[in-house]
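# Architecture at a glance
Residues per chain are reported as follows:
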Amino acid sequence: MSSADPFRLGWFGNIASPEWKNAYPGNDARQWTNGRFYVDMVRNMERAGFDFMMLEDSLMVPDIYAGTAELELKHARYAPKLDPVPIVSMLAYATRHIGIVATASTTFYHPYHLARQFSTLDHVTEGRVGWNVVTSSEDRAAQNYGLDALPEHDLRYEMAEEFLEVTDALWNSWDADAIVADRETGYYADFRKVHTVDHVGKHYRSRGPLNTPRSPQGRPVICQAGGSPRGRDFAARNADMLLNIPNGIEGMKNYRDDIRRRAAGFGRNPDEIKTFFVIYPMIAPTDEEARAKNEAWYAREQHNLEVQLAHFAATMEIDFSRFDLDAPIPEDVTTNGHQSQLENWRRSLGGKTIREGMSRMRVQSIELVGSPDTVAAQLDEAMQEVGGDGFLIYGQPISREYVAEMTDGLCPALQRRGLLRTEFSHPTFRENLRSF
Ligand SMILES: Cc1cc2nc3c(=O)[nH]c(=O)nc-3n(C[C@H](O)[C@H](O)[C@H](O)COP(=O)(O)O)c2cc1C
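Computed from a predicted structure; not experimentally measured. (Residues numbered from 1 in each chain as written. Predicted model: local features only at pLDDT ≥ 70, side-chain atom pairs only at ≥ 80, totals over all residues. Heavy atoms only, no water.)

## What about the overall build of the protein?
- A tally of regular secondary structure across the protein gives 16 helices and 14 strands.
- The C-alpha radius of gyration of the protein comes to 22 Å, within 12% of the 22 Å expected for a compact globule of 436 residues.
- Each principal axis of the C-alpha distribution contributes one length, and for the protein these read about 75 × 50 × 45 Å.
- Buried residues in the protein amount to 55% of all 436 residues.
- Long-range pairs, those at least 24 residues apart, make up 75% of the contacts in the protein between residues at least 6 apart in sequence.
- When the accessible surface of the protein is totalled, it reaches about 18800 Å², and 49% of it is carbon and sulfur.
- In the protein, 48 side chains carry a positive charge and 62 a negative one; their mean positions are 3 Å apart. (Helix = DSSP H or I, 4+ residues; strand = E, 2+ residues; numbered from the N terminus. Rg over C-alpha atoms; globule rule 2.2 N^0.38 Å. Buried < 20%, exposed > 50% of the residue type's maximum accessible area, 1.4 Å probe, protein only. Contact = heavy atoms within 4.5 Å. Areas by Shrake-Rupley, 256 points an atom, 1.4 Å probe, with all protein chains shown as cover. Lys, Arg positive; Asp, Glu negative; His and termini not counted. Charge placed at Lys NZ, Arg CZ, Asp CG, Glu CD.)

Dropping the structure here:
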């Protein structure tokens, strides 16, 4: 790929409290639960040329760190938050083109319930919904659904494979031309074009058909963030788009090449899968101001440490309060949660102590600091080396200021270089994703 080949941008966040300790917090810290903050945000992102907004989710209030929810609720990163699935309707009603991806767990939904919900969302978004397929990684979530613990990591993926088999069958249970609405014959739908699926599998049973007609995309855009070998196979077989946070440019390139190789091995065209890498750009009017802002971000060491401890405790369910923070992470620590996250984390810490590493850790594949033009040039260079697809901006907690820096600073700078779309050429999310 050469300079001026466009790439895609997505947004990664959740429906949670925006930043409330910055200079202009407005009233959002309490009012975000009415969803209006995110409506403003999605409109801005569509205007700026983002391909999609991705809403993450989990299903518990974490209380692993020191056996209490204190740190978690203090920083409000994982909880409280709203269920992203119904929020999709609201965001779609306020926009015309941008894709909206909601996370839902195969471990806790039933395939019929999920197929029906996402078919409904694909209708009301007019073909702009995506489903981030996760298998969950927290026993705390399992305990909210009547289980003591999650099924084991690879078994969750095995269940997810069958889950998708069932949802695909249900989404296809209505032929595209099943609705005839023929006033002469008096038939609304042709019963010969609506089929049962009669799935009887190892983990699921469903008779079908869906009682929701075929939706504009047929199947929502499938998004996935598998990192382990089992997760990568699942993604390469099923996904339209992937999210990941490999370390550095080489890590991004290796991840993308690996997924493309696996996809080809499953008989797929690798160009149908778009990979997005998480970034957290620090932007200011000048490079110097951006560097100062970046340093100020890292200087909040105690805050960063607490946030990272709560985050890792929540997603890996490891109680870091058991360890000496002034020593490296013990060798024998394992997780049934995000396995690849633990490995990446161990690698990125190197020999550092937990405190040193976590107080200066940011969730991102590469560090981007500078004016909008400087960061646009950095992204151009990185994408040329990686080989293509896109970036996923993650700036947590989000603020109106940060949104404006991206939508009205970075995005126009990318567009001036021909690196970001200025219009959507197709009606559906999947077609737009694949349009270049
Ligand atoms: C960018 C990104 C977003 C993710 N979003 C979610 C999410 O919303 N909910 C969730 O349970 N897991 C989420 N995950 C975790 C993945 O689904 C997956 O479990 C993780 O990357 C570890 O991979 P593995 O399951 O193959 O070990 C996310 C991961 C990444 C990298």
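## Digging into the packing of helix α5 (residues 111-124) against helix α7 (residues 153-171)
- Here α5 crosses α7 at 50°, and the two axes come no closer than 9 Å. By the angle class used here, α5 and α7 are oblique. Crossing of α5 over α7 shows right-handed handedness. Across the interface between the two elements, Pro111, Tyr112, Leu114, Ala115, Phe118 and Ser119 of α5 pack against Phe163, Val166, Thr167, Leu170 and Trp171 of α7.
- Looking at the contact of α5 with α7 residue by residue, the class counts come to 9 nonpolar, 2 polar and no charged. (Axes fitted to C-alpha atoms, helices over the stretch in contact; angles between N-to-C directions. Parallel < 35°, antiparallel > 145°, perpendicular 65-115°, else oblique. Left-handed = near helix turned anticlockwise from the far one by under 90°. Nonpolar A, V, L, I, M, F, W, Y, C, P; charged D, E, K, R; others polar.)

## Observations concerning α5
- Over its 14 residues, α5 extends 20 Å from the first C-alpha to the last, a length consistent with the 20 Å expected when each residue adds 1.5 Å.
- Those residues of α5 not exposed but buried are Pro111, Leu114, Ala115, Phe118, Ser119, Leu121 and Asp122. The buried side chains of α5 occupy one side of the element, clustering within an arc of 160° when seen end-on.
- Where the residues of α5 are buried, they touch α4 (84-93), β3 (99-105), β4 (129-134) and α7.
- Phi turns positive one or two residues past the end of α5, at Glu126, with a value near 55°. (Expected span 1.5 Å × (residues − 1). Arc of directions from axis to C-beta.)

## Considerations on the layout of surface pockets
- Reported here for the second largest pocket is a volume of approximately 560 Å³.
- In this structure, the second largest pocket is lined by 25 residues; those nearest its centre are Glu19, Asn22, Tyr280, Trp297 and Arg300.
- Of all the secondary-structure elements, those providing two or more residues to the lining of the second largest pocket are α10 (287-299), α11 (301-316) and α15 (400-416).
- The residue makeup of the lining of the second largest pocket, split by class, is 11 nonpolar, 7 polar and 7 charged. (1 Å grid on protein atoms, 1.4 Å probe; cavity = no way out; pocket = protein on both sides within 12 Å on 5 of 7 lines; lining within 4 Å. Points joined across faces, edges and corners; volume = space filled by probe spheres on them.)

## Describing the UniProt feature "binding site: FMN" (unreviewed entry) in the protein
- Mapped onto this structure's residue numbering, the UniProt feature "binding site: FMN" (unreviewed entry) falls at Asp57, Thr103, His153, Tyr157 and Ser228.
- Mapped onto the elements of the fold, Asp57 is located in the loop between β2 (52-55) and α3 (70-75).
- In contact with Asp57, other than residues within four places in its own chain, are Lys81, Leu82, Pro84 and Thr103.
- One can find Thr103 in strand β3.
- When sequence neighbours within four positions are dropped, the list of residues in contact with Thr103 reads Met54, Leu55, Glu56, Asp57, Pro84, Val85, Asn132 and Val134. (UniProt positions renumbered as here; feature names shortened; annotations may be inferred.)

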